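Below, each chain spelled out in residue letters.
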Amino acid sequence: MSKAYVKVHGGGKVIAISDEEIIGKSIEDKKREIIFNVSEDFYKGKLVDIKDLMDFLSEGENINIIGNNSVDFAIENNFIKRENIILIGETKHAQIYKI
């Protein structure tokens, strides 16, 4: 089963989620001239099974998700719609804001 890092910021208001295998790496989209740093400072918190993201996705007010497995889980569980994600190179990225 896939794993993801989850880090809670600001007393739970901001939650950062990253697939385990991309933490600490830079993702490049040469066409759009984007380099996205999957920073350990921002993303590396508790390592959890992907299925355990449900509670974090339910509770966060501002959620930043990077990585194909984590974003797909959020889509499959109706937290975001596929048309609301972006690709950075081949890597999916999404942000959720609850108002």
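As shown above, the structure is provided for reference.
Residues numbered from 1 in each chain as written. Predicted model: local features only at pLDDT ≥ 70, side-chain atom pairs only at ≥ 80, totals over all residues. Heavy atoms only, no water.

Trainee: What am I meant to see in the overall build of the chain here?
Mentor: Tallying secondary structure elements over the chain gives 3 helices and 8 strands in all. Each helix (α) and strand (β) of the chain, taken in turn from the N terminus, gives the series β-β-β-β-α-β-α-β-α-β-β. A globule of 99 residues ought to have a C-alpha radius of gyration of about 13 Å, and the chain, at 12 Å, matches this closely. Along the first, second and third principal axes, the C-alpha atoms of the chain reach 35 × 30 × 30 Å. Residue burial in the chain is summarised as follows: out of 99 residues, 40% are buried. Long-range pairs, those at least 24 residues apart, make up 58% of the contacts in the chain with a sequence separation of at least 6. In the form shown here, the chain has an accessible surface area of approximately 5,900 Å², with 47% of it arising from carbon and sulfur atoms. Of the side chains in the chain, 14 bear a positive and 17 a negative charge, and the two mean positions are spaced by 1 Å. (Helix = DSSP H or I, 4+ residues; strand = E, 2+ residues; numbered from the N terminus. Rg over C-alpha atoms; globule rule 2.2 N^0.38 Å. Buried < 20%, exposed > 50% of the residue type's maximum accessible area, 1.4 Å probe, protein only. Contact = heavy atoms within 4.5 Å. Areas by Shrake-Rupley, 256 points an atom, 1.4 Å probe, with all protein chains shown as cover. Lys, Arg positive; Asp, Glu negative; His and termini not counted. Charge placed at Lys NZ, Arg CZ, Asp CG, Glu CD.)

Trainee: Would you mind going over the sheet that holds strand β8 (residues 91–97) with me for this structure?
Mentor: Remark on secondary structure: sheet strands pair via backbone hydrogen bonds, oriented parallel or antiparallel. Pairing in this open sheet of 6 strands is mixed, and the strands run β5-β1-β2-β6-β8-β7 from one edge to the other. Both edges of this open sheet fall to β5 (46–49) and β7 (86–88), since each of them pairs with a single strand only. Neighbour-to-neighbour, the strand axes of this sheet turn through a mean angle of 25 degrees, independent of strand direction. Relative to β8, β7 runs antiparallel, the two being bridged by 3 bridges. Its bridge partner lying in β8, I86 is registered against H93. Contacts from helix α3 (residues 68–76) reach β1 (3–9), β2 (14–19), β6 (62–66) and β8, with the element oriented near 45 degrees to β8. (Pairing = 2+ DSSP bridges. Axes fitted to C-alpha atoms, helices over the stretch in contact; angles between N-to-C directions.)

Trainee: Help me out: how do you make sense of the nonpolar core in this one?
Mentor: Grouped burial of nonpolar side chains is what soluble globular proteins tend to show. Ranked by internal contacts, the top residues of the largest apolar core, which has 19 residues, are V6, I17, L53, L57, I63, I65 and I80. At the level of elements, β1, β2, α2 (53–59), β6, α3 and β8 are the ones that each hand at least two residues to this core. Top element by residues in this core is α3. It accounts for 4 residues. With residues near it in sequence (within four places) discarded, I63 still touches I15, I17, F56, L57, A94, Q95, I96 and K98. (Core = buried A, V, L, I, M, F, W, Y, C linked by side-chain atoms within 4.5 Å.)

Trainee: Can you help me understand the pairing of β8 in this one?
Mentor: Within a regular strand, side chains alternate between the sheet's two faces. For β8, a buried count of 5 out of 7 residues is recorded, marking the element as mostly surrounded by other parts of the structure. Examined bridge by bridge, β6 and β8 share 5 bridges and lie antiparallel to one another. Bridge pairing in β8 links N64 to Q95. Where β7 folds back onto β8 in an antiparallel hairpin, the turn is made up of 2 residues, including G89, whose phi is positive at roughly 65 degrees.

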